[in-house]
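Observations on the model geometry
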Amino acid sequence: MDDLLALAIEDPAAARRRAQAVLDAEGDPCLRSYAHQCLGIVLRHAGATAEAIAQLRQGVVAAVECGDPGREQDVRATLGGSLAFAGDFRAGLAELDRALHDARGAPAARIRMRKGGVLAVLGRYDDAVAVLREAMRALPPDDHLWVGRTRVWLGFVELRRGRIDVARTETAAAAAELAAAGAVVERIAALENLAEIAVVSGAVVDALRLYERARADYRAAGVPPRFDLVALSASASLAAGLPDEAVRLLREHDAARALPLVEQSELELLLAGARLAGGEAKEARAAAERATTMFRAQGRSWFERRARLMSARALHALGEELPASSAELARALDEERSEDAPVALTLAGHHATGPARLTHWERAASYRTHPNALVRAAAWHARSLAREEMGDRGGVLRAAAAGLDAIDEHRRLIGSSELRALATTHGRELTAIALRHAADDPRTLLRWSERTRATALAQPPATSDAATIPRSLAALRDNGRRLAEARQAGEPADALARERLRLERAVRAESHTLSASTAAQQRPPGVEEVVAAVGDGCLVELVDVDGVLHVLVVSHGTVRRRVAAPTDEVAALLAPTQMLLRRASRGRAADMRGLGEQLQRAILGDAARLLPDGPVVLAPTARLHGLAWSLLPVLGERPFAVVPSAGAWLRARATPRSRDRRTVLVSGPGLATGGAEVPLLAAGHPAATLLDGPAATLDAVLRALDGADLVHLAAHGSFRADSPLFSALDLADGPLTVHELERVRRAPYRVVLSACESGVVAPVGAEELLGLAAALFALGTAGLVSSVAEVNDVATADLMGELHAALASGSDPATALHAVRGHAGGDPVMAGTAAAFLALGV
């Protein structure tokens, strides 16, 4: 009947049917003890803890009636583990000790394994290791199932003791043992633990890949994922900078089933971390307080300390004082050599006074050699705070540099453009302190601004072979085609829209498992390199220093700085700017001059007077990248190009043009003008590749983009603030998303996107950008013309003809667009439409 107990984990539904059949037969008490034990395991894993314990108590009674001491010991051990799982650890350990009494050999080892697991959940890791090692010594080597189970727990415990290599060895061995035993579901659990080890090691992409593999294995086995997979996946999402994804995973699992107290308390702790990372400090504190209360009631002091730390972090984020016990908590975590210790010690330092502040920060800085890059970055942040406290400006900048190097090490292992950009969030505090101490010297501020902005764009996207479309992306393509057809035919599309959301989630998850590109990341440029490249021209770089805009003007061998308005004052003008452009595109009156002067005063201030005559290269902050910059009078009167950073501008300048000088013209469906500009442009480019009507398909457009010299895409665009990599252009058979665009092997040299909002990008992480325009820059496109607001289709068609004529005459995009704006001045609709377009790059 031991196979019935294994079936309880591998196939709960079948096990339940077999167990119930045994009980219905009212047979031998030994058989009934197995049946009750089986039902207890099934119900426990289903979250029905009270019912599970009731079945196991009946199983103990039947085992006693059976008269087999070994049977009673085994059922009692399962009861003990289940009581602990329900949060009653004292009663659980008592049952396990009672089961161990008089047990010998392999049966005793199996009971010890379960006791070791309970001690591990309690956080008594040293005690757990001792019990588990004793169990290993007594288990026969060919008992693959129980050896595997014991090694799973050993890997779990060793990881929490900080012995990562030992944990990895034990867990890998456990997976092999469980595979040999044919324990499919339990082997998946070992994969989950290997993924957790990858997270702790800093290999987030490996972890996400293992979690996806575990999910697929659960689906293949027909078994719902365990809480552990959901919890660990949420932790990996947090490490990857995806708090919203972590919240979604936790909420969905919580809603799907009733959780035992042990799991509920852990879910609350994870939820607190996700809420805090997402900027919801009040909600994070409430969840952390709930978790603290539950852990304390369960006697789980190791977990209680983590919950208290999360509560303290939430209080700090809310600007409130920490309890006096926060210093004691930091010391306790430090004594464990916990990876949470640098954060706890840094917090304690912020709220300490006198010498204690420096002591806490220096102690946190002692983790600078930790194997996890993110832990090292936290330690270097503490070091920078300590140097700041000592008035050592050079020490602050050296520590910040080392911390950002650790973040870069973490980020370089990531293939997903989204995750690379989000990973910079981990360096936000290091960036802030570095810019603060660099601000007084213009050249130093320029160097640090370049060190910390648009770093993800300096590494090309890591996409799989463009000739092979991932299954999830192929399904999304098909959905896009069917959705477009249904909407064009006026048919119901709600089911297809819901399916699209599910497929988008699958595509996004798959993209997160990409390994980094083998192409070398570009280094940030040196200040002298930038100054020399600018020469007699002009570069304006905007830097946010502690919530105030600083303006750097590089020209004629100098770097000068002016301080402009607070960023909140500038942000208050962004919505009115979009509203004004929307009014203009619809033919309504709009005072563009008045708003433009307000924007110039707030953003540039006195720096506007420093701009020499002639073209300007503008590198705004990520938050301001999508502003209609030509509204500023000082920029509207000259050609200007917008770039994510000076480094991106230098790379664009160095990009070679395509040898074949191939032009591609694309017209998508549903345009008010019917794509009228494209045939007119085709007349001026008789050798161009023309894709319109049914010919403008995803595959055809992607093939044509590859290595083209000039591409014009006339298609409706949509910007997705919730998921910028699903921003798209509408083609004949569905949307062309960033995920699709990143599969182009050779970037087109220059691109014109005439659609509404085609140039809108999302600011993410620390001064990073995501969206269609950002994707083209990362691919290697040198120049781009796109809109950052709603535009009038008819006016756009006329403007595009003038733009291409100027480009054909040899003008760069900035000069060509300046000429177009000059010709549009007398017509409010034309002027508003022209103002919505930006020239990006060269």
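Anything mentioned here points back to the structure above.
Report on the accompanying structure. (Residues numbered from 1 in each chain as written. Predicted model: local features only at pLDDT ≥ 70, side-chain atom pairs only at ≥ 80, totals over all residues. Heavy atoms only, no water.)

**Some thoughts on the overall build of the chain**
The secondary structure content of the chain amounts to 40 helices and 16 strands. Relative to the 2.2 N^0.38 estimate, which gives 28 Å for 842 residues, the radius of gyration of the chain is 31 Å and therefore close to what a compact globule would have. For the C-alpha atoms alone, the extent of the chain along its principal axes is close to 100 × 70 × 45 Å. Across the 842 residues of the chain, 60% fall into the buried class. (Helix = DSSP H or I, 4+ residues; strand = E, 2+ residues; numbered from the N terminus. Rg over C-alpha atoms; globule rule 2.2 N^0.38 Å. Buried < 20%, exposed > 50% of the residue type's maximum accessible area, 1.4 Å probe, protein only.)

**Some thoughts on the layout of surface pockets**
Over the atoms a probe the size of a water molecule is rolled, and this reveals where empty space is left. Estimates place the volume of the second largest pocket at around 530 Å³. What lines the second largest pocket is a set of 24 residues, among which R428, D544, G765, A766 and E767 lie closest to the centre. At the level of elements, helix 24 (428–438), helix 25 (442–452), strand 1 (539–545), helix 29 (567–571) and strand 13 (762–764) are the ones that each hand at least two residues to the lining of the second largest pocket. Looking at the lining of the second largest pocket element by element, the count peaks at four residues for helix 24. (1 Å grid on protein atoms, 1.4 Å probe; cavity = no way out; pocket = protein on both sides within 12 Å on 5 of 7 lines; lining within 4 Å. Points joined across faces, edges and corners; volume = space filled by probe spheres on them.)

**With respect to the state of the cysteines**
Enumeration over the complete set of coordinates arrives at one disulfide. A disulfide bridge connects C30 with C66, and the sulfur atoms are separated by 1.6 Å. Classification of the bridge connecting C30 and C66 rests on its S-S torsion, roughly 65°, and on that basis the disulfide is right-handed. Within this pair, whereas C30 is found in helix 3 (residues 29–45), its partner C66 is found in helix 4 (residues 49–66), the two being separated by 36 residues in sequence. Overall, the relative accessible area of 21% leaves C30 in the partly exposed class. (Disulfide = S-S within 2.5 Å.)

**Details of the pairing of strand 2 (residues 548–555)**
Where burial is concerned, most of strand 2 is hidden: seven out of the eight residues are buried. In the sheet, strand 1 pairs with strand 2 via seven bridges, with the strands oriented antiparallel. The residue of strand 2 that forms the bridge with V540 is V553. Hairpin remark: strand 1 followed by strand 2, antiparallel, with two residues in the connecting loop; positive phi at D546, about 50°. Across seven bridges, the pairing between strand 2 and strand 3 (residues 558–566) is antiparallel. Across the sheet, the residue bridging to V553 is R560, located in strand 3. Linking strand 2 back to strand 3 in an antiparallel pair, the connection comprises two residues, with H556 at a positive phi of about 50°. (Pairing = 2+ DSSP bridges.)

**Brief notes about the pattern of salt bridges**
All chains considered together, the criterion is met by 62 salt bridges. In this structure, R300 engages E266 in a salt bridge whose closest nitrogen and oxygen atoms are separated by 2.5 Å. In this pair, R300 is assigned in the loop between helix 16 (281–298) and helix 17 (301–317) and E266 in helix 15 (residues 261–277), connecting sequence segments 34 residues apart. Its relative accessible area of 0% is what places R300 among the buried residues. (Salt bridge = Lys/Arg side-chain N within 4 Å of Asp/Glu carboxyl O.)

**With respect to the packing of aromatic side chains**
Applying the stated criterion to the full structure yields four aromatic pairs. With centroids separated by 4.8 Å and ring planes inclined at 75°, the aromatic side chains of W302 and F303 adopt a geometry described as edge-to-face. By the burial criterion, W302 is buried, and F303 matches it. Three or more aromatic residues joined by ring pairs make a cluster, and in this case those are Y125, F295, W302 and F303. A cation over an aromatic ring shows up here: R149 above the ring of W146, its NZ or CZ 4.6 Å from the ring centre. Here the guanidinium or amino end of R300 rests over the ring plane of F303, the centre of that ring lying 4.3 Å away. (Phe/Tyr/Trp six-rings, centres within 6.5 Å; stacked < 30°, edge-to-face > 60°. Lys NZ or Arg CZ within 6 Å of the ring centre and 35° of its normal.)

**Description of the environment of M113**
Inspection of the secondary structure puts M113 in helix 7 (residues 105–122). Distance from M113 to E320, taken between C-alpha atoms, is 44 Å for residues 207 residues apart in sequence. Beyond its immediate stretch of four places on either side in the chain, M113 contacts L132, A135, W146, R149, T150 and W153. (Contact = heavy atoms within 4.5 Å.)

**Section: the nonpolar core**
Counting residues in each nonpolar core, the largest one holds 153 residues, and the members touching the most others are V540, L542, I603, L604, W629, L635 and L803. Looking at this core element by element, the count peaks at nine residues for helix 11 (residues 184–201). Sequence-distant contacts of L604, defined by excluding residues within four places in its chain, comprise V540, L542, V551, A564, L599, L632 and V634. Grouped together as the second largest cluster of nonpolar side chains are 51 residues, L93, A120, L145 and V152 included. (Core = buried A, V, L, I, M, F, W, Y, C linked by side-chain atoms within 4.5 Å.)

**Observations concerning the packing of helix 12 (residues 204–221) against helix 13 (residues 227–239)**
Close contact between helix 12 and helix 13 brings their axes to 10 Å; oriented N to C, the two are set at 150°. Judged on the interaxial angle alone, helix 13 and helix 12 are roughly antiparallel. Here helix 12 runs over helix 13; the crossing is left-handed. Residue-level inspection shows V204, L208, Y211, A214, R215 and Y218 of helix 12 in contact with helix 13, the latter providing L229, L232, S233, A236 and A239. For the contact of helix 12 with helix 13, the residue count by class is nine nonpolar, one polar and one charged. (Axes fitted to C-alpha atoms, helices over the stretch in contact; angles between N-to-C directions. Parallel < 35°, antiparallel > 145°, perpendicular 65-115°, else oblique. Left-handed = near helix turned anticlockwise from the far one by under 90°. Nonpolar A, V, L, I, M, F, W, Y, C, P; charged D, E, K, R; others polar.)

**Re unusual backbone geometry**
Positioned with a positive phi, E757 is a non-glycine residue whose angle comes to about 60°. With respect to the helices, strands and loops of the structure, E757 is situated in the loop between strand 12 (750–753) and strand 13. In this model, E767 sits at a positive phi of 60°, which is unusual for a non-glycine residue. Mapped onto the elements, E767 comes out in the loop between strand 13 and strand 14 (768–770).

**Examining the side chain of R411**
You can see R411 is positioned in helix 22 (residues 393–412). Taking relative accessible area as the criterion, R411 reaches 0% and is therefore assigned buried. Polar side-chain contacts of R411 include one of 2.6 Å to the side chain of D408. (Polar contact = N/O pair within 3.5 Å; in protein donor to acceptor, adjacent residues only side chain to side chain.)

**Side note on helix 2 (residues 12–25)**
Its 14 residues give helix 2 an end-to-end C-alpha distance of 20 Å, which sits within 8% of 20 Å, the value for a rise of 1.5 Å per residue. Among all positions in helix 2, only A14, A15, A19, V22 and L23 are buried. Its buried side turned inward, helix 2 meets helix 1 (2–10) and helix 3. Just past helix 2, the residue E26 takes up positive phi, approximately 50°. (Expected span 1.5 Å × (residues − 1).)

**Quick word on the sheet that holds strand 10 (residues 728–731)**
Read from one edge to the other, the open sheet built from three strands follows the order 9-10-11, with strand pairing classed as antiparallel. The open sheet has two edge strands, strand 9 (717–718) and strand 11 (734–737), and neither has a second partner. Where strand 9 and strand 10 come together, two bridges link them in antiparallel fashion. What sits directly across from G717, in strand 10, is L729.

**Let's talk about helix 18 (residues 326–336)**
Residue pairs spaced three or four apart in an α-helix point in one direction, given the helix's 3.6 residues per turn. Among the residues of helix 18, those classed as buried are S326, A327, L329, A330, A332, L333 and D334. Backbone geometry just after helix 18 places R337 at a positive phi near 55°.

**Observations concerning the environment of A641**
With respect to the element layout, A641 can be found in strand 5 (residues 640–642). Take A641: its relative accessible area is 6%, and that puts it in the buried class. For the pair A641 and F227, spaced 414 residues apart in sequence, the C-alpha to C-alpha distance is 51 Å. When neighbours within four sequence positions are excluded, A641 is seen to be in contact with V616, V617, L618, A814, A839 and G841.

Function cannot be inferred from these measures alone, as they are strictly geometric.
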